[in-house]
Each structure stands twice: as structure tokens, then as C-alpha cells.
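Below are the chains, spelled out letter by letter.
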Amino acid sequence: MNRFLVLVALSKNAWKDARKYLGLTTIISVFSAVVPLISIVGLGSAINALVNGSTSSHVLILILAYLSFNLLIALINQILTLFNNNEMRKLSNEIQTSYMQDCIDIDYHYAQDGTIANLRRKSMQAHPVFFISTWGECIHYFIQIVGAMTAFAMMTPLFVIILAILSLILILLNLYIQKNDFEFNNEKIEDDRKLDYLYEVMTSYKYAKEIRINNASDFIRNKYQAIFHVQVKNLKRLMNKKLFVNFLSVFLSAIQSTAMYLFFTYQVSIHQIDIAEYTVLLASTTLLSSALISLFSKIGAVNNSIKAYSFLAEYKQKIDDNSITVKSNYLGPQTVDYSNSTIRFENVSFSYPGSSNNALENISFEIPCHQKLGIVGLNGSGKTTLVKLILRLYLPSQGKITLNGIDISTIPFNSYIQHIGVVLQDYTLFAYSVKENIIFNGDTIIDKIITSIENSGLSKKIENLPQGINTSVGRELDDNGVEFSGGEGQKLAVARTDYRNAAILILDEPTSALDPIAEYELFSRLNEIAQNKTTIFITHRLSSTQFCEHLIVLSNGKVIEQGNHSQLMKQNGEYAQLFNSQAKYYSQNGVVL
């Protein structure tokens, strides 16, 4: 895209999204640019008054006037800066919130996509909060340049040309450094993401137990150091370039300063200028040279924002292209009788993105309303993948899934998912209160919360907590929080699902962390919770299957058997073999022998 058009687009975004911040930044930049110019003029006036024999009171009044004016501008600047910092914080929060929402909106598979995560980091500099800050500094230095250019009137054309050439070389060197910095920062984004992950692993409580019991600290630390050493090596190469360029810049700056001092001293010696003009010209020329270099440095930063704009555009396009599920919320409303839900798989096949192998192949079955379906199979047979399709975390590669005859992909997602209660094998608890972990943003109905906790078998645990349902789960955010065991966590996830009172239940290995007795007790409760609901039990532990009216057996992504428990036992196929291999752990009523 044309750079000028991108600059126009960045400016429009700044005006549209951050008008107040843009205005405050511009005013602050003007004020801060004027202060050194006033100081130079004030100094020259005071020296001139002294040289011309003015009274000390007159000189003092002159100095106080300039100081008061400077103080007033500085005070106004400080007040405006406070407001401006507040606006910047708001805009930064909006950017952060926007990126978080993108992570929620994008289809599940892409939530951890490395390419998108890298684009997210690269695109930061194109946002108004960064662009406006650089824009303000450009204004600041431009005003100083214009104010200091009066010095040129006292210089010979040859001297102006010499200063211009030196300044141009310094500007080009500065732009060269900025170009290398930009490329280096973009190249290390992938490694930065890996370092962030490894830092989280080493410092997060979630990984603390595994690292200790497996003595894995050296393994993680070595991974971190290996990436870090590569970055240091690349940084050294960059530093070597910058060292030479910086040395050259310092050398040229020294030549420039020496030339200015010599030239203006010579002008004084031949009575071309007086001491006051000498002081003003030296300060103005020094400011001019510094402002020129700084202005082009900021122009280089604007150029980096222009480059980042292409990353932002690519990032937004990827988010838009891969947010199919959330876009369904803008479809027209569907009239669905969720209380009488019949789910049907019609010739469904599915392969994960980037894989050529089907995780599910030509799956067809029906779950009549209010019935309980058990899905059985060994690990890797496709059980959880099937759940992900029902939850619309993925779309079928072929075929379709219907709810009361309606293709679920045509139902607005938010409307659809609120009628489904789920207990996942890899459930997640959040570092907030037990109550918040159950209801999230739902209405707080204490009696209903207590009932859900009782139904999950977690009453004794909650009753013994220091603050009951207001006790925090874990200690990440609250030192008085309480840790839940794996089984207790699963029960809390069950309470969350029960509180939701959804018409459709999906229970994906909901007892994987429980012993057989606790498992049987919880399944008995789940059986009661599932009354008059369309329910799917996912399990490879078969003590629960007798609660189900219908069972399907998966193997390598295919349905190999269907029927109820008695029918499948008579077939003496894979289900019967699985059940018999586990039967020694259970008595006929499900209790451990």
C-alpha cells in the first residue's frame, strides 16, 4: 500500500478513535517546544541588558518575567499531561481489551495460532496511542526547528551548507539505526513468545508441582537460556553495527559543535555580532541541530508505524476470516425448542486443520430428546472431537449436525451455547470465589447455588471453607484462597453445569479424577440431574454406561457398534470386551469389590 495513503489512514484512525488524546498531545507538544525557545530569547535579552548597562533591577525584572512565563507554561503543561496520561491509559486499555476480544471471537483452533500471535505483537505500533505520541514529538521538534532557524540569518551560505551536510549525514545514520532496530524487534517476536511461555512455566503455580516432582527446572531453564543466547548473539551483531554508527555520529556532532563555536567566536572577534547575539546563536544552532536529528528520528518512528499498519491489516483480516462461529450471532434468529432437543449427526467427517487424516469419518447417529447417549471408546477414538463439534469449537469437514432438523451452524452461537451445559475432562477453575466459578455473570440465587453444590457432592467441602461460597479457588489472587483436588474440581465443574440448568447436557469424562466409589455416587447424581434433558456421556470407564438408553462405540473415528448395554453385551464385540476388562473393579451395583 502507498505510504502516503497509509499515513492518511493512520491519521484518520487517530482522529476517529483518539480525538481527545490527539488534541492534548498536540497542545502539550507546542508548549514544551516553546519553553527552550523562550529560555534562549530570555537569556539573550538579559545578557544584552547587562552589556548595555541596564540597572540591576531592570535585568532582574526581565529575568523574573521570562522565568514566570516559563513557569506558567510548565505548570499548564503538567496539568495537561495528567489529563493526557489518563487518556493514554484509557486508549491502551481499549487496545488490550480489543485484543482479548479477538482471542475470544476467533475460531477455537486459531486461539493459539503462532502466526496470529506474532502478528498481534507486530501490529501494536500501528494503533493511535503509539502513532499520536510520535506525531506529537514531530510537532515538538518542528516548532523548535522553525524557532531556531533565525540563526541562519547570521551565517554565511558556506557555513550553512556545511552544517546542513553534517546534519543530513547524522539524520541518515539515525534512520539506519532505526531500520535495524525495527527489523531486529520484529525478527525476535517469535522467540519473545517462547520466552514468555517458559517464564510462565517457571513462575506459575500451575506448573510448580510437575517441575518439582520431575526435577524439570534445568530442562526448562536450558530451553530458556538456549533461546536467550540466540537473542543475545543477534543483539551483539546489532550492537556492533550501532557502535560504529554511534561513534561516527558522536564524531560528526563534535565536528559540528566545534565548527559552530569557532565560527561564532570569529564573528565576535571581528565585531560582526555582540556577546548577547553570540549566546543566542550558539544556543539556537545547538537546538536546531538537535531538533533536526530528533525530528527525523521521529519521522523514522512514523515510518515504523506505517510498516506496522500492514501487519495490523493482515492481523485484522485473519481475525475476520477465521471468526466464522461468532459471525453466526449476526444471523437471523432461529426458533428452536431446546426443551425438546433431538441431535442428529448426518454423515459427519472431520479432520483437524493442517491434518490430512480424519479424526471422525462418516459418523451418523441420533440422540432423541430427553434420552441419554453414552459414547464409549479408548483414548484417541474420537470421543472428545465429537463433543467439540457439538459445541461448535470446530465445524464438520463433511456432513452436518442438526438440532431438531436445523443445521446447528445456522443458529446464532450465543443463543445455541447458552442452552448447553458442559463438564469437560480438562475443566478450568478460575482464581475467583466458589460462587463466581459456578454462576459467572448469571443471577445470584443462593438457594440454587447451594442445591447445585449438594447435587455435585461438594457440600461438606464448601461448608468447611473459611468463607463458604465466597472463598477464592486457589491462591493466585488471594492468599486466603483454598486449593481444590482434581476430584473436588470436577465436582465444582458439575455444580457449575447444574446451576446453568441447560436443556442439553454434555459430560466429557466428568469423573476421570474420582475413585470408583465417588465415581458411582457422582454418576448417580448426574443421572438425576439429567432427567428430562438430552444428555451425552463421554467415557472410557464403563461403570456409567448402564445409565444410558443408547450407546455408540467409537474406534479410530468410526462408529463400530450401537445399541443399549444389554444388546452390546450380547454382541460380544469391543464394548463387551472393554466392559468385561473393567468389571473386576466393580460389583453389579457399581461399588468397588
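What comes next concerns the included structure. (Residues numbered from 1 in each chain as written. Predicted model: local features only at pLDDT ≥ 70, side-chain atom pairs only at ≥ 80, totals over all residues. Heavy atoms only, no water.)

A few points about the environment of N2
For N2, the position within the fold is in the segment before α1 (3-17). On a C-alpha basis, the gap between N2 and T55 in space is 61 Å, while along the polypeptide they are 53 residues apart. (Helix = DSSP H or I, 4+ residues; strand = E, 2+ residues; numbered from the N terminus.)

Examining the sheet that holds strand β1 (residues 343-350)
The strand order β2-β1-β4-β5 describes an open sheet built from four strands, whose pairing is antiparallel. Lying at the two open borders of the sheet, with one neighbouring strand each, are β2 (360-367) and β5 (406-407). As defined by bridge partners, strand β4 (residues 398-403) adjoins β5 across two bridges and the pair is classed as antiparallel. Among the inter-strand pairings, L403 is bridged to a residue of β5, identified as I406. (Pairing = 2+ DSSP bridges.)

Description of the pairing of strand β9 (residues 550-555)
Across a regular strand the side chains alternate sides, sitting on one face of the sheet and then on the other. Among the six residues of β9, five are classified as buried, and the element is accordingly described as predominantly covered. Here strand β3 (residues 372-376) runs beside β9; their pairing, made up of four bridges, is parallel. Directly across from G374, in β9, lies its bridge partner L551. As paired strands, β9 and strand β10 (residues 558-563) are joined by five bridges and run antiparallel to one another. Opposite S555, over in β10, you have K558 as the bridge partner. Where β9 hands over to β10, the hairpin turn is made up of two residues, of which N556 adopts a positive phi near 50°. (Buried < 20%, exposed > 50% of the residue type's maximum accessible area, 1.4 Å probe, protein only.)

Some details on the pattern of salt bridges
Taken as a whole and assessed by the stated rule, the structure comprises 14 salt bridges. A salt bridge links R193 to E190; its shortest N-O distance comes to 3.1 Å. A residue pair is termed a helical-turn pair when its members lie 3 or 4 positions apart in one helix, as R193 and E190 do in helix α7 (residues 189-203) at three residues. When its relative accessible area of 30% is taken as the criterion, E190 is described as partly exposed. (Salt bridge = Lys/Arg side-chain N within 4 Å of Asp/Glu carboxyl O.)

Some remarks on unusual backbone geometry
For N404, which is not glycine, the phi torsion reads 55° and is therefore positive. By the secondary structure assignment, N404 is in the loop between β4 and β5. The phi dihedral of N556 falls on the positive side, at around 50°, and the residue is not glycine. Looking at where N556 falls in the secondary structure, it is placed in the loop between β9 and β10. You can call N556 exposed: its relative accessible area is 63%.

Some remarks on the pairing of strand β7 (residues 504-508)
Within β7, five of the five residues are buried, leaving the element largely enclosed by the surrounding structure. In β7, alternate side chains face the same way, and those of I504, I506 and D508 on one face and L505 and L507 on the other are all buried. Here four bridges tie strand β6 (residues 420-423) to β7, and the two strands are oriented parallel to one another. Within β7, the position partnered with I420 by the bridge is I504.

Digging into the environment of N86
Its location among the elements puts N86 in helix α3 (residues 56-105). Along the backbone, N86 and Y21 are 65 residues apart, and their C-alpha atoms lie at a distance of 9.1 Å.

Topic: the packing of aromatic side chains
Following the criterion strictly, the structure yields nine aromatic pairs and no others. Ring geometry for F350 against Y352: centres 4.9 Å apart, planes inclined by 75°, an arrangement best described as edge-to-face. On the basis of relative accessibility, which here comes to 25%, the residue Y352 falls in the partly exposed class. Geometrically, the ring pair formed by Y352 and Y394 is edge-to-face, given 5.2 Å between the ring centres and 90° between the ring planes. Of this pair, Y352 sits in the loop between β1 and β2 while Y394 is found in the loop between α12 (383-390) and β4, placing the two residues 42 residues apart along the sequence. Here Y394 falls in the buried class, since its relative accessible area comes to 11%. The ring of Y416 has R392 lying over it, and the distance from NZ or CZ to the ring centre is 5.1 Å. For K461, the ring lying beneath its charged end belongs to F484, and the centroid distance is 5.0 Å. (Phe/Tyr/Trp six-rings, centres within 6.5 Å; stacked < 30°, edge-to-face > 60°. Lys NZ or Arg CZ within 6 Å of the ring centre and 35° of its normal.)

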